[in-house]
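Residue-level structure breakdown
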Amino acid sequence: MTAALDGGAVWVGLMFFPPSPRFVDLKQAAVLAGQSAGQAERVGVFVSPDDQLLQDTLARVPLDVIQLHGKEEPDRVAEVKALTGLPVWKAVSISEQTDVERAAAYFETADQLLFDAKPPKGSVLPGGNAVTFDWRLLTGTEWPLPWLLSGGLHAGNVAEAVRLTGALAVDVSSGVESAPGTKDPARIRAFLDAAAAI
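Structural notes, computed from the coordinates.

What counts, and at which threshold
- Residues numbered from 1 in each chain as written.
- Predicted model: local features only at pLDDT ≥ 70, side-chain atom pairs only at ≥ 80, totals over all residues.
- Heavy atoms only, no water.
- Helix = DSSP H or I, 4+ residues; strand = E, 2+ residues; numbered from the N terminus.
- Buried < 20%, exposed > 50% of the residue type's maximum accessible area, 1.4 Å probe, protein only.
- Contact = heavy atoms within 4.5 Å.
- Phe/Tyr/Trp six-rings, centres within 6.5 Å; stacked < 30°, edge-to-face > 60°.
- Core = buried A, V, L, I, M, F, W, Y, C linked by side-chain atoms within 4.5 Å.
- Salt bridge = Lys/Arg side-chain N within 4 Å of Asp/Glu carboxyl O.

**Observations concerning the overall build of the protein**
The secondary structure content of the protein amounts to seven helices and eight strands. Along the first, second and third principal axes, the C-alpha set of the protein runs to 40 × 40 × 35 Å. When burial is assessed residue by residue, the protein has 47% of its 198 residues classed as buried. Within the protein, counting contacts between residues at least 6 apart in sequence, those at least 24 apart form 52% of the total.

And the structure:
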């Protein structure tokens, strides 16, 4: 967390999906959220959460944004926004043009989109799989709401990814880890430096 904050990260994510190696329990998440208060927006990452999980989390962890990374339909995005009173980002998994087109369903309900690579077959994780998608699928597209690029990004490819997609913001997880779930301060710094140089 310190490397991300020191490097100027605008957002920091807290993963509330138990199968993920990046999962943080509520006690740990509250500490991390406290450390980043006033320095970066705290994004709670959820996968198809029910209302109880959202309420329990928000009762103990101060979050600024909810990111939905499951198979939530637009109506559910609107419900989460109403329930939490927070901006909601919706992850859209991409592998082909029809996936890009599917993002339009969220224009009225999401505050921001996050374009990520579709997970490999058999993966239990909807994101953070260290895989990219064909960035050219986003080349020249215009969106009526803000969006982030994600999926297999690291210090060595983020400049090319931004050049091809026109992304104004990026999201990284596996690309700054030395092992699944283990953030590497040197890789975080390298990624933030590479992103800042674009």
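**Focus on the packing of aromatic side chains**
Under the counting rule described, the total for this entry stands at five aromatic pairs. Between the aromatic rings of Phe 107 and Trp 143, the centroid separation amounts to 5.9 Å while the plane-to-plane angle is 80 degrees, which identifies the pairing as edge-to-face. In this pair, Phe 107 sits in the loop between helix 5 (97-102) and strand 5 (112-117) while Trp 143 sits in the loop between strand 5 and strand 6 (147-149), placing the two residues 36 residues apart along the sequence.

**Points about the nonpolar core**
Formed by 50 residues in total, the largest nonpolar core has its most connected members in Leu 14, Ile 66, Leu 113, Phe 115, Phe 133 and Leu 149. With residues near it in sequence (within four places) discarded, Ile 66 still touches Gly 44, Phe 46, Leu 54, Val 80, Thr 84, Leu 86, Pro 87, Val 88 and Trp 89. In terms of nonpolar packing, the next biggest core, distinct from the first, is built from 11 residues, Phe 17, Val 47, Ala 91 and Leu 114 among them.

**A word on the pattern of salt bridges**
Opposite charge on two side chains permits them to pair, given that their charged atoms come into close proximity. Evaluation of the coordinates by the stated rule reveals 11 salt bridges. Residue Asp 64 is joined to Arg 42 by a salt bridge in which the shortest nitrogen-to-oxygen separation is 2.9 Å. Here Arg 42 lies in strand 2 (residues 41-46) and Asp 64 lies in the loop between helix 3 (51-60) and strand 3 (65-68), a separation of 22 residues in the sequence. Look at Asp 64 and you get partly exposed, because its relative accessible area is 25%. Arg 42 gets classed as buried once you look at its relative accessible area, which sits at 10%. Glu 79 serves as the salt-bridge partner of Arg 76, at 3.1 Å between the closest nitrogen and oxygen. Placement of the pair is Arg 76 and Glu 79 together in helix 4 (residues 74-84), with a separation of three residues, close to one helical turn. By relative accessible area, which is 18% here, Arg 76 ends up buried. Its relative accessible area of 44% is what places Glu 79 among the partly exposed residues. One continuous salt-bridge network, built from bridges that share partners, spans Arg 22, Glu 177 and Lys 183.

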